[in-house]
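Residue-level structural notes
Given next are the chains, with one letter for each unit.
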Amino acid sequence: MDSPPTGRTGPSPLAALATALARPSEDHTPLFAHASPRWLRYLPHVLALGAVTALLPSSINVLADDYGLNAGLAAGLAVAQSVPLLLAVSRPLPAWWIIGSAHLLTALLLLAAGEPTGSVWPWPATSVVGYCLLMIPLALREPRRTLFAVWLVTAAATLTMALLAPDRQFGGDNSLLGITLPGAVLVLGGALRERAEARRLLVEQEHISEAERGRRTLLEERARIARELHDVVAHHMSVIAVQAASAPYRLTGVPADAAEEFAAIAGTARASLTEMRRLLGVLRSEDSGTETAPQPGVGDLARLVETVGRAGVGAELTVSAEAAGPLPPAVDLSAYRIVQEALANVVRHAPGAEAWVSLAVEDGRLLVTVANAAPPAGVEPLEHAAEGTGHGLVGMRERVRLLDGRLDTGPLPDGGFRVAAALPIDSLQESAE
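Residues numbered from 1 in each chain as written. Predicted model: local features only at pLDDT ≥ 70, side-chain atom pairs only at ≥ 80, totals over all residues. Heavy atoms only, no water.

Time to look at the overall build of the protein. Scanning the protein for helices and strands turns up 13 helices and 7 strands. Contacts in the protein between residues far apart in sequence, at least 24 positions, make up 75% of those at least 6 positions apart. Here the protein has roughly 24800 Å² of accessible surface; of this, 61% comes from carbon and sulfur atoms. (Helix = DSSP H or I, 4+ residues; strand = E, 2+ residues; numbered from the N terminus. Contact = heavy atoms within 4.5 Å. Areas by Shrake-Rupley, 256 points an atom, 1.4 Å probe, with all protein chains shown as cover.)

What follows deals with the packing of aromatic side chains. This model, assessed by the stated rule, comprises 4 aromatic pairs. Geometrically, the ring pair formed by Tyr-67 and Phe-170 is tilted, given 6.5 Å between the ring centres and 45 degrees between the ring planes. Here Phe-170 lies in the loop between helix H6 (144-164) and strand E2 (172-173) and Tyr-67 lies in the loop between helix H2 (38-66) and helix H3 (71-82), a separation of 103 residues in the sequence. No difference in accessibility class separates Tyr-67 from Phe-170, as the two residues are buried. When the centroid spacing of 5.1 Å and the interplanar angle of 65 degrees are considered together, the rings of Trp-96 and Trp-97 count as edge-to-face. Note on Trp-96: relative accessible area 4%, which makes it buried. (Phe/Tyr/Trp six-rings, centres within 6.5 Å; stacked < 30°, edge-to-face > 60°. Buried < 20%, exposed > 50% of the residue type's maximum accessible area, 1.4 Å probe, protein only.)

Take the packing of helix H4 (residues 92-113) against helix H5 (residues 125-141) next. Interhelical geometry of H4 versus H5 gives an angle of 160 degrees and a closest axis separation of 10 Å. Considering their axes alone, H4 and H5 lie roughly antiparallel with respect to each other. For H4 against H5, the interelement crossing comes out left-handed. Seen from H4, the contacting residues are Pro-92, Leu-93, Ala-95, Trp-96, Ile-99 and His-103; seen from H5, they are Ser-127, Tyr-131, Leu-134, Met-135, Pro-137, Leu-138 and Arg-141. For the contact of H4 with H5, the residue count by class is 10 nonpolar, 2 polar and 1 charged. (Axes fitted to C-alpha atoms, helices over the stretch in contact; angles between N-to-C directions. Parallel < 35°, antiparallel > 145°, perpendicular 65-115°, else oblique. Left-handed = near helix turned anticlockwise from the far one by under 90°. Nonpolar A, V, L, I, M, F, W, Y, C, P; charged D, E, K, R; others polar.)

A word on a nonpolar patch on the surface. On the surface, a cluster of nonpolar side chains totalling about 300 Å² of accessible area is made up of Leu-49, Val-79, Val-83 and Leu-86. Positionally, Leu-49 belongs in helix H2. (Patch = residues over 30% accessible without salt bridge, like charges linked within 9 Å, V, L, I, M, F, W, Y side chains within 5 Å. Salt bridge = Lys/Arg side-chain N within 4 Å of Asp/Glu carboxyl O.)

Bringing unusual backbone geometry into the picture now. For the bond running from Trp-121 to Pro-122, omega is 10 degrees, close enough to zero to count as cis. Within the fold, Pro-122 resides in the loop between strand E1 (120-121) and H5. Of note, Phe-32 is a non-glycine position whose phi angle comes to about 60 degrees, a positive value. Although it is not a glycine, Asp-363 sits at a positive phi angle of roughly 55 degrees. Within the secondary structure layout, Asp-363 lies in the loop between strand E4 (355-362) and strand E5 (365-372).

Attention now goes to the pattern of salt bridges. Per the counting criterion, the structure on display carries 6 salt bridges. Shared partners join several salt bridges into a network, and the residues in it are Glu-197, Arg-200 and Glu-204.

Our next topic: H4. For H4, spanning 22 residues, the distance from its first C-alpha to its last is 30 Å, which sits close to the expected 32 Å at 1.5 Å a residue. Among the residues of H4, Pro-92, Leu-93, Ala-95, Trp-96, Ile-99, Ala-102, His-103, Thr-106, Ala-107 and Leu-110 are the ones counted as buried. Considering only its buried residues, H4 is in contact with helix H1 (13-22), H2, H3, E1, H5 and H6. (Expected span 1.5 Å × (residues − 1).)

This is the structure in structure tokens:
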């Protein structure tokens, strides 16, 4: 009988920590290399150079004078302990291997070749300072597991050196300081790095959400425009179907072939209406309800201006004779919606301001202009620009693009706002004919 398969176990915790120490971060760019202030990009290099300049002669003096090491040996150890701080700006973990090994070798040489002294053991003061400085770039670059492994190795080496020291050879034991101080720097630096990373991810997510919100707004506006244009097109298709179906009865002497052709046209129109209604069912949201009211047009602008007047926005409407005449249905509806959305923006963002609406025909285009003055002083907007959904301007742009027109929007020098749209008329009329 076969034995049951045994589950595959992952590496032990010690092996995982050893792996973390053997695999430095793949990011070898210097710290703060992508910071926007130029001085901040140079700051790590300046600080590292300053630390090396200060620690190198101090370490030589301390090792030679306080601990009695040979001057040449003290100089070599001091170089190994301080110069790799320049490497730590971009590769802190390899720098830690070099500096940590130099500190450990220094402690062993002090124990073997040093003279009895009243200085502390196992780490000279300059070694503690340099090691804590190394912990800063290490904490800002490496992950949490690597930092924990570094601290464990530091604690183990410190305790081992403390146990090896003979009685009365050194003046004091700073092993507790050598464990807690680097650990505190690692914890603080790691927390700052993770906080900065969390903020970066949050900003990135906000940018993604903003893009998705803009895309959703655009799709909603396009669906809304499609629903409205459905009513316009459906009206014409219904007229075609009725005229084609009734032609043999309204006209005398219609040949049989022509009657069949009229019947085919009526059937095609009815089939198109069915497909359009099916498509409209897909475009409508579940809570949009049934929209059966006739679509508004330029003739309904007077009632719209009266409505916003009751909301506190005094609007003046000017419609030229050509603009009041029959317009292509898509232009008629789009002109009304552009004025409606522009006045709604005035009510939300500039309550109490005066507004002017004008429609005129020029060079085969319907010119729609909505401008408002600055709101009265001390009046708070009902909705700030950053809080809006963006549907108003998006809807205007989509309607104008649908008709191959032009839209200009922007603030006025007096603090107001202006919306101007040019909607082609002649090209639509020619295509309709």
